[in-house]
Amino acid sequence: MLSEGDQAVVQVLYERYQDRLVAHAVRYLPAEDLAQDVVQETFLKLLDEPPCYLQGGLLGPWLFRVARNLAIDRARRGKFEVTQGDDDLSLDEVSGGEDDPLTALMASSDAEQLRHLCGELPNDLQVILHDRIVENLSFQEIADKERIPLGTALWRVHHAFEILRRRWLAES
């Protein structure tokens, strides 16, 4: 777990680079909210796999390179993602109703197993995942809502997904 000092450093770095990284990532993506997600992923990557070498001893170039690569990956994947906006079709219209394969897939045993695994997480991680996935809150919004540092919110989401991934693989 991150110490308070580490959390403070991540918070300062996030505040220092966030706006510029979003502006950089939005060049590759169709929407600013996707760029904000990329910036959050960039900081998760920093927490998970800090760089071994920094060009000129500066973190900025590494952050911008990672954000660019993640944005390009997201843009490639985005061609297959369905987003729901005011003008988009609802899930029911896309899926065709209750008896179609998409609805059956959503109610499948995999979904049940995932719900079960989420239910086994510690309460603080369940709350964080609910805020991120169900409520679709940004990491900053989660940190504000839960009154925790941004670094802690980033780490908890990452940690929760890592626990779920390990348990999923163990039960598969």
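Please read all numbers here as calculations on a predicted model, not as lab measurements.

Thresholds, definitions, all that
Residues numbered from 1 in each chain as written. Predicted model: local features only at pLDDT ≥ 70, side-chain atom pairs only at ≥ 80, totals over all residues. Heavy atoms only, no water. Helix = DSSP H or I, 4+ residues; strand = E, 2+ residues; numbered from the N terminus. Buried < 20%, exposed > 50% of the residue type's maximum accessible area, 1.4 Å probe, protein only. Axes fitted to C-alpha atoms, helices over the stretch in contact; angles between N-to-C directions. Parallel < 35°, antiparallel > 145°, perpendicular 65-115°, else oblique. Contact = heavy atoms within 4.5 Å. Nonpolar A, V, L, I, M, F, W, Y, C, P; charged D, E, K, R; others polar. Expected span 1.5 Å × (residues − 1). Salt bridge = Lys/Arg side-chain N within 4 Å of Asp/Glu carboxyl O. Left-handed = near helix turned anticlockwise from the far one by under 90°. Core = buried A, V, L, I, M, F, W, Y, C linked by side-chain atoms within 4.5 Å.

Asks: Looking at this structure, how should I read unusual backbone geometry?
Replies: Keep in mind that most residues, glycine aside, have a negative phi and that most peptide bonds are trans. We note that Asn 136 has phi near 55°; this positive angle belongs to a residue other than glycine. Structurally, Asn 136 is set in the loop between helix H7 (123-134) and helix H8 (139-146). For Asn 136, a relative accessible area of 59% gives the class exposed. Phi is positive for Arg 147, which is not a glycine, with a value near 55°. Examined against the element boundaries, Arg 147 turns out to sit in the loop between H8 and helix H9 (150-171).

Asks: Help me understand the packing of H7 against H9, please; the structure alone is not making it clear to me.
Replies: Put simply, H7 and H9 touch, their axes get as near as 9 Å, and they point 100° apart. One finds that H7 runs roughly perpendicular with respect to H9. Along the contact surface, H7 presents Asp 124, Leu 125, Ile 128, Leu 129, Arg 132 and Ile 133, while H9 presents Ala 153, Arg 156, Val 157, His 159, Ala 160, Phe 161, Ile 163 and Leu 164. Per-class residue counts for the contact of H7 with H9 are 10 nonpolar, one polar and three charged.

Asks: Can you walk me through H9 in this structure?
Replies: Spacing of three or four residues puts side chains on the same side of an α-helix, whose turn is 3.6 residues. Here H9 is 22 residues long and its end C-alpha atoms lie 32 Å apart, about the 32 Å a rise of 1.5 Å per residue gives. Burial in H9 covers these residues: Leu 150, Gly 151, Thr 152, Ala 153, Leu 154, Trp 155, Arg 156, Val 157, Ala 160, Ile 163 and Leu 164.

Asks: Which parts of the structure should I look at to understand the side chain of Asp 131?
Replies: Considering the arrangement of structural elements, one finds Asp 131 in helix H7. Excluding residues that lie within four positions of it along the chain, Asp 131 makes contacts with Asn 136, Leu 137, Ile 142, Lys 145 and Glu 146.

Asks: What am I meant to see in the side chain of His 24 here?
Replies: On the secondary structure map, His 24 appears in helix H1 (residues 4-25). If sequence neighbours within four positions are ignored, His 24 has contacts with Phe 64 and Arg 68.

Asks: Please explain the environment of Arg 165 as it appears in this structure.
Replies: Here Arg 165 lies in helix H9. The class of Arg 165 is partly exposed, set by a relative accessible area of 43%.

Asks: Looking at this structure, how should I read the pattern of salt bridges?
Replies: Throughout the structure, instances matching the rule amount to 11 salt bridges. Notably, a salt bridge pairs Asp 73 with Arg 76, separated by 3.8 Å at the nearest N-O pair. In this pair, Asp 73 and Arg 76 are both assigned in helix H3 (residues 60-78), three residues apart and thus about one turn of the helix distant. In this structure Asp 73 comes out as partly exposed when scored by relative accessible area, which is 35%. One salt bridge connects Asp 124 with Arg 156, and the closest N-O pair in it is separated by 3.8 Å.

Asks: Honestly, the packing of H7 against H8 in this entry has me stumped. Any pointers?
Replies: For any two helices packed against each other, one specifies the crossing angle of their axes together with the interaxial distance. Taken N-terminus to C-terminus, the directions of H7 and H8 make an angle of 135°; their axes are 10 Å apart at the nearest point. Between H7 and H8, the interaxial angle falls into the category oblique. In this structure, the crossing between H7 and H8 has a hand that is right-handed. Taken together, the residues of H8 that come into contact with H7 (itself represented by Val 127, Ile 128, Asp 131 and Arg 132) are Phe 139, Ile 142, Lys 145 and Glu 146. For the contact of H7 with H8, the class distribution of residues is four nonpolar, no polar and four charged.

Asks: It is not clear to me how the nonpolar core should be interpreted in this structure. Could you clarify?
Replies: One broad trend across soluble globular proteins is that nonpolar side chains are buried collectively. One finds Leu 21, Val 38, Phe 43, Leu 46, Leu 63 and Leu 154 to be the most contacted residues of the largest nonpolar core, which totals 32 residues. Those elements that place two or more of their residues in this core are H1, helix H2 (32-48), H3, H8 and H9. With residues up to four places along the chain from it excluded, the contact list for Leu 46 reads Leu 13, Pro 51, Leu 59, Trp 62 and Leu 63. One finds Leu 117, Leu 121, Ile 163 and Leu 164 within the second-largest nonpolar core, a separate group that totals seven residues.

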